[in-house]
Amino acid sequence: MADILPTSLLEACVVIGASNEKLKEVLQVHQHGRSDDFTLLDPEVLQVHVPPFVTKEDLVSGSQTLSNFNRTQRRRSFIKKKREKPVAALESNNGNNDPVTEDISVPKDIDLIGLPQLCFPGGLQVANESKADHFHFLVFTDVFGNRTYGVVVQHYKPVQFPHDGNHYQNGQVHWTSAKAPRLYAAVGICVISKYAYYNALKDCLSCLLLQLKSCRGTDFEDRVKEFAANVALVPSPPPGQLHLVFNMKPLQIVLPSREDLDSPVVDLDLHLPFLCFKPKQVLQIMTCILTEQRIVLFSSDWALLTLIAESLVLFIHPLQWQHTFVPILSRQMLDFVMAPTSFLMGCHVNHFDEVAAETDDLILINIDNGSISSSSSRELDIPDVPLGAAECFMSRLKGVQMHYDLKLSRLGSSTELNDLRMQRRQWQQRLNWQIQQITLELIVNIFREVNDHLNYRVFNSEEFQKSREPADQPFYKKVLETHIFHSFLKARLNRKMDAFTRMELSTRSEAHRVKLMLESPRRPTMQEMALKYSSPENRCFKGISMPDLADQRIHDFPVSKSSLKKLESETALKIPRNPIKTFKLPDFPSPLVYHHVQCYYTECIVLLSKAVSSVPPESSALLARYYYLRGVMNMMLGKRLDALSDFQNLYKTDIGIFPADLVKKLVDSLAQEEWLQAEKRSELKRFISKVKKDNETGLVKSDDHVKNFALPKKHMQLEDFVKQIQESGIVKDIGTIHRLFDALTVESFKSDFGGQGLDTAMRVAPSQSVFYVDSHLDGQQKQIDPETFKVFYTFWKETEAEAQDVHLPAEVIEHLDKNESVYKLSCSVKTNHGVGKIAMTQRRLFLLTEGRPGYIEITAFRDIEEVKMSSAAFLLLRIPSLKIKTTLRKEMFEANLKSECDLWHLMVKEMWAGKKMSDDHKDPQYMQQALTNVLLMDAVVGCLQSQKAIYAATKLAFFDKMKYEVPMMVPKTTSETLKHKINPSAGQTAPQAVDVLLYTPGHLNISEVGGGANPKLWCALSDGKVVVFDAASWSMQQNCIQVGTSKLNCMLGLEQNQVWIGSQDCTIYIINTVSMSCNKQLTDHRSEVTDMVIEDSNDKFSQIQAYSCSADGTIITWDVFTLKVKNQFHVECQRLTSLKLFRGTLWCCAGECIMELRKNGMPYRRMLLPDHPGGIAAAGFSCFQLFIERDQLWTASAECGELCIWHVKDLSKPFHRIQLQDCTGVSCMIKVKNQIWVGSRGKSQGKLRGKIYVVDIEKHSVEKELVAHSAAVQALCSVEDRYVLSGSSCEDGKVAIWKVE
């Protein structure tokens, strides 16, 4: 059992001191007056105490007496053998002649050989007077990088010897002598823990010292043992906002918890580095850490070395220092600084010159005088932190008060020690939180745009560096090569929801959120261009706000990239910290015998049970922490099944802190009789099965390797080409990449080689862009050679780089929208408006005149009427020209584009067609796709440089061809009702089906950042993905929340900041709408969850209930606050698909019938499928709606284009049928005001499309027939009866926003 027990606060307690032989020699020298100076002694391990201190075996063997710490008891401790101890003394101590046996059971990761030097890094010295106790802190790292922490106190004790020469010291029996000179020797007591509880363990040792000073020498060992045993009873608190408190007399000790599983323990004063260094120097040190330098800290105070080093490492969280970390080097360990790899070490300031002379390229940081230098002769070469991030960091620090004495000036004096400590601790916790948020914001601002250059498993470091400001590039060049950054990339690749991701999402600008929705090449916006060439003081401004649906230009989304120069002034510090709660452990048992220890754990369980019962319903996070602690205490008490029950409740309440490894060990340790008992408890049995299944799933290690982008080295067929293009970050959409492949492979061997055949093609293939493999094997498979891809990629990137250098005068910028970007600039050409360059943005064409640069508007794309090519006479030549006719001017614009004419003709027509499609369908994605097509055309023409280049570019003219091949006229009714379209699949390689839609209202009383209190639209996509939009601006707020890997069937919004999601994998996932994380699961269904409904209650004191149903006919009633099953029953049916609650009864749709049930599951009425008018039986019900106020029930079928209306009091047959024209099946319907909106599939313009029918409830007639999806509509949702949202299947994957009249 001991092997599976959870880790307690104490890992080991070690006593270090000088041997008695050495002390006797020193005393003899001093007695004879030969010297008053004492040489340094070598410290040795004297005692080691490790848990468990009390076991059941001790009770059975009868070895325990009332004094639990007498020397007759065999303990898990190590006492250094004393060679001078006489046999008589041994016999008197043991009471028999048996040899002394010593149990040296020491944790394997504790190095007892090196520990004495670290406990006395400056050496152990004997003094002729007592000295003050001195604390310092240690960090141990094993070969796997796991860290253990130590707190050491050096305590001076008098050295005493008997006259007969037999003596014992440091806790052993001794006899005092009045004539002996008074000498004092330091004894080190080191408490070792798995957790970095520096302040708490320091307080514990301070309490121990108080006891040691009043005890006799013979009691020293027993007091240390009792202290170690007491501390070992304290569990480590679970992650979250529950801190543990215990009494060590006279102090109340507080154990702060970690923020989450990925966060470190913070139990030290994080402001210490700012008291020792200026903010600019702190940035320099952080840069040294991020660039993995060889760093050595110096101080005359050993304690400061570890505290400063730990604080600096915490400043880069969630990035982690992964190299050697030894904050304290003893004088014998100074040669460690010769290590060739990166490290962070510390030593006494007296060794500064010695270390500096040892080797070059060391970063030397002197804590005492606040200086940073290099051991090299050259000046310190540390790249500056990116300017925007540094300026924001410095600005934040100005508002932070780091001196506690300034707070005390307005407070009264407290007479209670623990009250004073509590005030100081609360101040420190608030200050630590501020500093953590400021340093985290710094890290986010430095690496905010990394995700933009991470495509699948490839990071394009070269392109990322090019996108940085020139002054910032030296910093990124060094950082991007480090192990720290590579691990950070892995976390981004795995979509880890850590502190970085949470802050990045909460501080993301509106423009950046919109950018996630629109896949467009990177170009500087007018806003960024104006900032780039403006004065530094004008470079900070607040984020861009989006218009609401009433704005006519809502579909003209901005296209921009975020910039470090555009940091919002107050965002990060508005992030609130959850209120902290404490749980006080009972007083430690005395004496520490097995029975009393068991009573201690039992008392803990009683207190925790009371805490569980008193937790308010809305505090589920606090409840989860109590379950965690009670499970741990039940484990310590040996009640395995009770512990599993607690962990099962924890799993339901907050899976984010579920100790999977611990529970797996607990399950494996169950005895046979416990297994039999578990089999009788169905819930516990299912939980154990799930633990085993999850453990097996976790054994499959995912590929999290991130590689740098590299150009291909071999010929690529279509599949390889798609992967290479996606990894390059040029474009993600598979359809577009297929067209690009066709464009780059238009030069077939038949046309280029005059039909000479395969042999000729193979011979010249190495110098051509394509070749064919043996047609007898695989047919004619086109391939692209590496050289062609390299030329194309280079041209694309050069064009991108040139766009970054485009500088427009302020007089020109003021004519353009701030989110416009110049995507194409022609050569200087002659036009009928003068000489200049034609510039193309995502919205318009304009002429940048030469001479004094000026702006002449050519046309907006939506205003174009005609685009054609012509030729203009010049001497004896005919120069190709481009003519553009617009609705705003009578005369045509003409430009002599010469060799560029064909390309510009193609590009303008594609942008024109894309804009028309975008306006007609209210879908900005079309315009962005057209823009991508145009830039790919430009790259293809620049790459091929042949007569067929223009023909190749036509392969990418997608919208221009669509305009002629498939008329995409939008019906007038659809155009008037449709407001906008959004794409939840933005960033995906192909459209994803929108399976469920849910709208949740905003919360004006919640203080959140980043629009977190705004209303939200939740979109459930394929394979367990959930995408969240800010419904105030329709910008993407969260691009992916993963809840399982199966199809999601239903969603339910609750007022308690929760969204419940029912999945095909039989699980209900619960998402916290504030943290946007899924930490709760309900696993009681045995079949896929198909629907959920909440019971409205007018009584604010009544419990809120929710109902869920699964395909096998199971219906479960849930207590929303406690997440416990209140009732469960089964309905006999083929497949239960949906559930509704009206006037206290449940209505269930089961395909072949619709049933009305009492809330306890008792059947009330059943309605069967109606007969089809043609005599053919209709398919099963797909959905239904109840209108109790009209006594009507509306039903629909997935295979029939009609709605049936029934009287609620007479369900024998429908009294009215509504035929839906050209409808082949209904998938969903909702009630909005006095209308029914019906989502279906049907024919439009000869093709199967997604259709919506708007039916008047009173007239029983179809008012509108809306067509805006190219695939079946399978999800509908209402937005406060003002808008209706519709989602379609994977062929379309869009969400349409409709106006309700």
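Treat the numbers as computed from the prediction; the structure is a model and nothing was measured.

1. Side note on the overall build of the chain
For step 1, the next point in the chain: Scanning the chain from N- to C-terminus turns up 37 helices and 54 strands.
For step 2, the next point in the chain: When the accessible surface of the chain is summed, it comes to about 56700 Å², and 49% of that surface belongs to carbon and sulfur atoms.

2. Concerning the sheet that holds strand β14 (residues 371–374)
Pairing between the strands of a sheet is mediated by backbone hydrogen bonds and can be parallel or antiparallel.
For step 1, the next point in the chain: Across the sheet, five strands lie side by side as β11-β12-β10-β13-β14; this open sheet has mixed pairing. Only two strands of the sheet have a single partner each, and these edge strands are β11 (324–326) and β14. Here the average twist between neighbouring strands, direction ignored, is 20 degrees.
For step 2, the next point in the chain: The pairing of β11 with strand β12 (residues 343–348) spans three bridges and is parallel. Its bridge partner lying in β12, F325 is registered against L344.
For step 3, the next point in the chain: Helix α8 (residues 279–290) rests against β10 (294–299), β13 (362–366) and β14 of the sheet, and its axis sits at about 40 degrees to β14.

3. Things to note about the packing of helix α20 (residues 594–614) against helix α21 (residues 620–637)
For step 1, the next point in the chain: Across the interface, α20 lies against α21 with an axial gap of 9 Å and an inter-helix angle of 160 degrees. Between α20 and α21, the angle falls in the class roughly antiparallel. Relative to α21, the crossing made by α20 is left-handed. Across the interface between the two elements, Q598, Y601, T602, C604, I605, L608, S609, A611 and V612 from α20 touch L623, Y626, Y627, L629, R630, M633, N634, M636 and L637 from α21.
For step 2, the next point in the chain: Across the contact of α20 with α21, the residue classes tally to 13 nonpolar, four polar and one charged.

4. Quick word on the sheet that holds strand β54 (residues 1295–1299)
For step 1, the next point in the chain: As summarised here, the arrangement of the four strands in space is β27-β54-β53-β52, forming an open sheet in which the pairing is antiparallel. The sheet is open, and its two edges are formed by β27 (978–982) and β52 (1273–1279), each paired on a single side. Sheet twist, expressed as the mean angle between neighbouring strand axes with direction ignored, is 20 degrees.
For step 2, the next point in the chain: Two strands pair when backbone bridges link them, and strand β53 (residues 1283–1288) and β54 are joined in this way by five bridges, in the antiparallel orientation.

5. Some details on the side chain of E910
For step 1, the next point in the chain: Locating E910 in the fold gives a position in helix α33 (residues 901–921).
For step 2, the next point in the chain: Within the structure, E910 has its side chain in polar contact with the backbone nitrogen of F959 (distance 3.1 Å).
For step 3, the next point in the chain: Filtering out sequence-adjacent residues up to four positions away, E910 remains in contact with A930, N933, V934, M937, L956, A957, F958, F959 and D960.

6. Some details on the nonpolar core
For step 1, the next point in the chain: In terms of nonpolar packing, the biggest core is built from 205 residues, with F246, F447, L644 and F647 touching the most fellow members.
For step 2, the next point in the chain: In this structure, C901, L903, V940 and L956 belong to the second largest nonpolar core, which totals 64 residues.

7. Describing the pattern of salt bridges
For step 1, the next point in the chain: What the rule picks out here adds up to 42 salt bridges.
For step 2, the next point in the chain: A salt bridge links D587 to K584; its shortest N-O distance comes to 4.0 Å.
For step 3, the next point in the chain: The residue R686 makes a salt bridge to D1084 at a minimum N-O spacing of 3.6 Å. Linking R686 in helix α25 (residues 682–698) with D1084 in the loop between β35 (1077–1082) and β36 (1089–1094), this pair joins segments that are 398 residues apart in sequence.
For step 4, the next point in the chain: On the basis of relative accessible area, R686 is assigned to the partly exposed category, the value being 29%.
For step 5, the next point in the chain: When salt bridges that share partners are traced, they join E462, E463, K466, K797 and E800 into one network.

8. Some remarks on the packing of helix α26 (residues 718–728) against helix α31 (residues 786–804)
For step 1, the next point in the chain: One way to put it is that α26 packs onto α31 with a least axis distance of 13 Å and a crossing angle of 25 degrees. Classed by the angle they form, the pair α26 and α31 counts as roughly parallel. For the pair α26 and α31, the sense of crossing is right-handed. Along the contact surface, α26 presents F721, Q724, I725 and S728, while α31 presents F789, F792, Y793 and K797.

9. Remarks on the packing of aromatic side chains
For step 1, the next point in the chain: Scanning all chains against the criterion turns up 32 aromatic pairs.
For step 2, the next point in the chain: For the pair F464 and Y476, a centre-to-centre distance of 5.3 Å together with 85 degrees between the ring planes defines the contact as edge-to-face. A residue pair is termed long-range when its members are at least 10 positions apart, and F464 in helix α14 (residues 461–466) and Y476 in helix α15 (residues 473–479) qualify at 12 residues. Of the two residues, F464 and Y476, neither departs from the other in class, the shared state being buried.
For step 3, the next point in the chain: Aromatic side chains F583 and Y626 sit 6.1 Å apart centroid to centroid with 65 degrees between the ring planes, which places their arrangement in the edge-to-face category. Separated by 43 residues along the polypeptide, F583 in strand β17 (residues 581–584) and Y626 in helix α21 bring together distant segments of the chain.

10. Topic: the confidence of the model for the chain
For step 1, the next point in the chain: With 83% of its residues at a pLDDT of 70 or more, the chain has an overall mean of 82.
For step 2, the next point in the chain: Low pLDDT (under 50) marks residues 64–104, which in the prediction has 78 contacts with non-local residues, meaning those over four places away or in another chain.
For step 3, the next point in the chain: Taken together, the stretch residues 748–779 has pLDDT below 50 and engages in 51 contacts with residues farther than four places along the chain or on a different chain.

11. Side note on helix α16 (residues 483–493)
For step 1, the next point in the chain: For α16, every residue scored as buried is listed here: I484, F485, F488, L489, A491, R492 and L493.
For step 2, the next point in the chain: Contacts from the buried residues of α16 go to α8, α13 (417–447), β15 (454–455), β16 (458–459), α15 and α17 (499–506).
For step 3, the next point in the chain: Positioned one or two residues after α16, R495 has a phi angle of 55 degrees, which is positive.

12. Here's the deal with the environment of N199
For step 1, the next point in the chain: Within the secondary structure layout, N199 lies in helix α5 (residues 198–214).
For step 2, the next point in the chain: Residue N199 is classed as partly exposed on the basis of its relative accessible area, which comes to 27%.
For step 3, the next point in the chain: Distance in space between the C-alpha atoms of N199 and V151 is 8.9 Å, their sequence separation being 48 residues.
For step 4, the next point in the chain: Setting aside residues no more than four positions away along its own chain, N199 makes contact with D267, L268 and D269.

13. Some thoughts on the side chain of N933
For step 1, the next point in the chain: Examined against the element boundaries, N933 turns out to sit in helix α34 (residues 924–944).
For step 2, the next point in the chain: For N933, the residues in contact, after removing those within four places along its chain, are T736, E910, L956, F958 and F959.

14. Side note on the pairing of strand β1 (residues 12–17)
Side-chain direction in a regular strand flips from residue to residue, so the side chains alternate between the two faces of the sheet.
For step 1, the next point in the chain: For β1, the buried fraction is high: six of the six residues fall into the buried class.
For step 2, the next point in the chain: Covered by surrounding structure in β1 are A12, V14 and I16 together with C13, V15 and G17, the residues of both alternating faces.
For step 3, the next point in the chain: Bridge count for β1 against strand β2 (residues 44–49) is five bridges, and the pairing is antiparallel. Each bridged residue has a counterpart across the sheet, and for I16 the counterpart in β2 is V45.

15. Some points on unusual backbone geometry
For step 1, the next point in the chain: In this structure, P52 follows P51 across a cis peptide bond, with omega equal to 0 degrees.
For step 2, the next point in the chain: Structurally, the position occupied by P52 is in the loop between β2 and α2 (56–61).
For step 3, the next point in the chain: Looking along the chain, the bond that leaves S590 and enters P591 is cis, with omega of -5 degrees.
For step 4, the next point in the chain: Looking at where P591 falls in the secondary structure, it is placed in the loop between β17 and α20.
For step 5, the next point in the chain: With phi around 75 degrees, C1066 is a residue other than glycine that occupies positive phi space.
For step 6, the next point in the chain: For C1066, the position within the fold is in the loop between β33 (1058–1063) and β34 (1068–1072).

16. A word on α33
For step 1, the next point in the chain: Here α33 spans 30 Å end to end across 21 residues, near enough to the 30 Å set by a 1.5 Å rise per residue.
For step 2, the next point in the chain: By the criterion of burial, α33 is predominantly enclosed, with 18 of the 21 residues buried.
For step 3, the next point in the chain: Just beyond α33, the residue with positive phi is K922, at close to 55 degrees.

17. Brief notes about the environment of Y793
For step 1, the next point in the chain: Position of Y793 among the secondary structure elements: in helix α31.
For step 2, the next point in the chain: Sequence separation between Y793 and S728 is 65 residues, and the spatial gap between their C-alpha atoms is 8.4 Å.
For step 3, the next point in the chain: Setting aside anything within four residues of it in sequence, one finds Y793 in contact with N460, E463, F709, L711, S728 and I730.

18. A word on the state of the cysteines
Among covalent bonds in proteins, the disulfide is the one between the sulfur atoms of two cysteines.
For step 1, the next point in the chain: The full count for this structure, using the stated rule, is zero disulfides.
For step 2, the next point in the chain: Looking at the unpaired C207, the closest cysteine sulfur is the one in C204, lying at 6.6 Å.
For step 3, the next point in the chain: Since its relative accessible area comes to 2%, C207 is described here as buried.
For step 4, the next point in the chain: Distance from the sulfur of C1149, which forms no disulfide, to the nearest cysteine sulfur (C1183) is 7.4 Å.

What counts, and where the lines are drawn
Residues numbered from 1 in each chain as written. Predicted model: local features only at pLDDT ≥ 70, side-chain atom pairs only at ≥ 80, totals over all residues. Heavy atoms only, no water. Helix = DSSP H or I, 4+ residues; strand = E, 2+ residues; numbered from the N terminus. Areas by Shrake-Rupley, 256 points an atom, 1.4 Å probe, with all protein chains shown as cover. Pairing = 2+ DSSP bridges. Axes fitted to C-alpha atoms, helices over the stretch in contact; angles between N-to-C directions. Contact = heavy atoms within 4.5 Å. Parallel < 35°, antiparallel > 145°, perpendicular 65-115°, else oblique. Left-handed = near helix turned anticlockwise from the far one by under 90°. Nonpolar A, V, L, I, M, F, W, Y, C, P; charged D, E, K, R; others polar. Polar contact = N/O pair within 3.5 Å; in protein donor to acceptor, adjacent residues only side chain to side chain. Core = buried A, V, L, I, M, F, W, Y, C linked by side-chain atoms within 4.5 Å. Buried < 20%, exposed > 50% of the residue type's maximum accessible area, 1.4 Å probe, protein only. Salt bridge = Lys/Arg side-chain N within 4 Å of Asp/Glu carboxyl O. Phe/Tyr/Trp six-rings, centres within 6.5 Å; stacked < 30°, edge-to-face > 60°. pLDDT = per-residue confidence, 0-100. Expected span 1.5 Å × (residues − 1). Disulfide = S-S within 2.5 Å.

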